[in-house]
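Residue-level listing of the chains:
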Amino acid sequence: MITAKNIHKYFETPSGTLHALKDVSLTVKPAEVVVVIGPSGSGKSTFLRCLNRLEYADAGSIVIDGVNILDPKCAINAVRAEVGMVFQSFNLFPHITVLENITMAQISVRKTRKAEADKISMELLEKVGLSQKAAAYPDQLSGGQQQRVAIARSLAMSPKVLLFDEPTSALDPEMVGEVLDVMQDLAKEGMTMVVVTHEMGFAREVADRVVFMDDGQIQEEGKPEHFFTNPQNERTKLFLKQIL
Ligand SMILES: Nc1ncnc2c1ncn2[C@@H]1O[C@H](COP(=O)(O)OP(=O)(O)OP(=O)(O)O)[C@@H](O)[C@H]1O
């Protein structure tokens, strides 16, 4: 489903060139849930953003469902429709309703008729437990509810893969669970997911595989039951000691 090979990413900064991703390779199978953890600045977000071309990898190859997304001929809209992304900040449009936030891309990008887009969107709102909020505006919702709408909006494009970049980091603690529950339901339904998170409970319970990044590299990866109980790499051990 996702085959990322030998990815390098450089950023030009005032203090020189920063080598943010150093030869990162990762394969994600269909319906697999991969959780990426690691210290701040280790390259987790940059890697995730390369997977839907929010960042363009400087070297390497990324093939998603048979499509080489680094091919300049590969249309960016096609990539974004295949690979959905949920961000830390929910990024809903404040001036339109919850329902319109979800129908918007279906109507403008997919050219779905409004009645059909409304129907699909109501089903998705039902799925995330928010059908009663269809006519509300984003600022009338809690953070957890807004993030669930953002997930419904991503699902509206029927993505093959969903990327999550710290989806609960901006939430008050009491709202984290409701978003993780929706993500867990998606995992059970067979959605292919790559999740950057600090929620180790989610990593333990939902991930098929945990990937540890540090210093722009994947240092270690494994099934959660092995990864958390028997880490091999010294950096992983130190990181887990600090956070657990
Ligand atoms: N657009 C950019 N320009 C310059 N440097 C960048 C840019 N984006 C990221 N970086 C740098 O690349 C490195 C990796 O950043 P990245 O955000 O991927 O790390 P991260 O592991 O996701 O961190 P966090 O957990 O704090 O979000 C950091 O040193 C960061 O400062």
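Bear in mind the structure is a predicted one, so any value in this text is a computation, not a measurement.

**Q** Can you help me understand the site of the ligand in this one?
**A** Surveying the vicinity of the ligand reveals 13 residues, the closest of which are Ser40, Gly41, Lys44, Ser45 and Thr46. One of the backbone nitrogen or oxygen atoms of Gly41 is found 2.8 Å away from an oxygen atom of the ligand. Within the side chain of Lys44, a nitrogen or oxygen atom sits 2.8 Å from an oxygen atom of the ligand. In isolation the ligand exposes 630 Å². Once the protein is present, 62% of that is buried. Looking at the shell around the ligand, the elements with two or more residues in it are strand 1 (2-13), strand 2 (16-28) and helix 1 (44-51). Taken together, the residues of the shell around the ligand sort by class into four nonpolar, seven polar and two charged.

**Q** Mind showing me how you'd approach the pairing of strand 10 (residues 217-222) here?
**A** Each regular strand carries side chains that alternate between the two faces of the sheet. Sheet topology note: the strand 9 (residues 209-214)/strand 10 ladder contains five bridges and is antiparallel. Paired with Val211 across the strands is Glu221, a residue of strand 10. What sits between strand 9 and strand 10 in their antiparallel hairpin is a turn of two residues, with Asp215 showing a positive phi close to 55°.

**Q** Before we go on, may I ask you to explain helix 9 (residues 234-243) in this structure?
**A** Listed in full, the buried residues belonging to helix 9 are Thr236, Phe239 and Leu240. Down the axis of helix 9, the sector holding all buried residues measures 95°, keeping them to one side. Exposed and oriented more than 90 degrees from the buried face of helix 9 are Glu234, Lys241 and Gln242. Each element contacted by the buried residues of helix 9 is listed here: strand 3 (33-37), strand 9, strand 10 and helix 8 (224-227).

**Q** So what exactly am I meant to see when it comes to the pattern of salt bridges here?
**A** Pairing between side chains becomes possible if they bear opposite charge and their charged atoms approach one another. This model, assessed by the stated rule, comprises 13 salt bridges. One salt-bridge network, held together by shared partners, links Lys9, Arg49 and Glu55.

**Q** Help me out: how do you make sense of the nonpolar core in this one?
**A** Soluble, globular proteins show a tendency: their nonpolar side chains are buried together. Counting residues in each nonpolar core, the largest one holds 47 residues, and the members touching the most others are Ile37, Leu125, Ile151, Phe164, Met183 and Met193. Ranked by the residues each element gives to this core, the list is headed by helix 6 (residues 173-188), at eight residues. Non-local contacts of Met193, meaning those with residues more than four positions away in its chain, are made with Glu32, Val33, Val34, Leu162, Phe164, Met183, Leu186, Ala187 and Phe202. Of all hydrophobic cores here, the second largest spans 28 residues; its members include Ile2, Val24, Leu48 and Ile64.

**Q** Whenever I open this one, the sheet that holds strand 3 confuses me. Can you help?
**A** By definition, the strands of a sheet pair up through backbone hydrogen bonds, in either a parallel or an antiparallel sense. Strand order in the open sheet formed by six strands is 6-7-8-3-9-10, with mixed pairing between adjacent strands. Lying at the two open borders of the sheet, with one neighbouring strand each, are strand 6 (83-86) and strand 10. Geometrically, the sheet is characterised by an average inter-axis angle of 20° between neighbouring strands, direction not taken into account. Contacts from helix 5 (residues 143-155) reach strand 6 and strand 7 (161-165) within the one sheet, and its direction differs from that of strand 6 by about 170°. Strands strand 3, strand 9 and strand 10 of the sheet are contacted by helix 9, whose axis makes an angle of about 100° with strand 9.

**Q** Mind showing me how you'd approach helix 6 here?
**A** For an α-helix, 3.6 residues make a turn, and residues three or four places apart therefore share a direction. Compared with an ideal rise of 1.5 Å per residue, which puts 16 residues at 22 Å, helix 6 spans 24 Å between its outermost C-alpha atoms and is within 8% of the ideal. Every buried residue belonging to helix 6 is among Met175, Val176, Val179, Leu180, Val182, Met183, Leu186 and Ala187, and all of these are buried. Projected down its long axis, helix 6 shows its buried positions confined to an angular sector of 155°, all on one face. In helix 6, the exposed residues that point more than 90 degrees away from the buried face are Glu174 and Lys188. Gly190 sits one or two positions beyond helix 6 and adopts a positive phi of about 100°.

**Q** I'm lost on the environment of Met1 in this one. Help?
**A** Note that Met1 resides in the segment before strand 1. A sequence separation of 216 residues divides Met1 from Gln217, and the C-alpha atoms of the two residues are 21 Å apart. Other than its neighbours up to four places away in sequence, Met1 contacts Val28, Lys29, Pro30, Val63, Ile64, Asp65, Lys160, Val161 and Thr192.

What counts as what
Residues numbered from 1 in each chain as written. Predicted model: local features only at pLDDT ≥ 70, side-chain atom pairs only at ≥ 80, totals over all residues. Heavy atoms only, no water. Near = heavy atom within 4 Å. Polar contact = N/O pair within 3.5 Å; in protein donor to acceptor, adjacent residues only side chain to side chain. Areas by Shrake-Rupley, 256 points an atom, 1.4 Å probe, with all protein chains shown as cover. Helix = DSSP H or I, 4+ residues; strand = E, 2+ residues; numbered from the N terminus. Nonpolar A, V, L, I, M, F, W, Y, C, P; charged D, E, K, R; others polar. Pairing = 2+ DSSP bridges. Buried < 20%, exposed > 50% of the residue type's maximum accessible area, 1.4 Å probe, protein only. Arc of directions from axis to C-beta. Contact = heavy atoms within 4.5 Å. Salt bridge = Lys/Arg side-chain N within 4 Å of Asp/Glu carboxyl O. Core = buried A, V, L, I, M, F, W, Y, C linked by side-chain atoms within 4.5 Å. Axes fitted to C-alpha atoms, helices over the stretch in contact; angles between N-to-C directions. Expected span 1.5 Å × (residues − 1).

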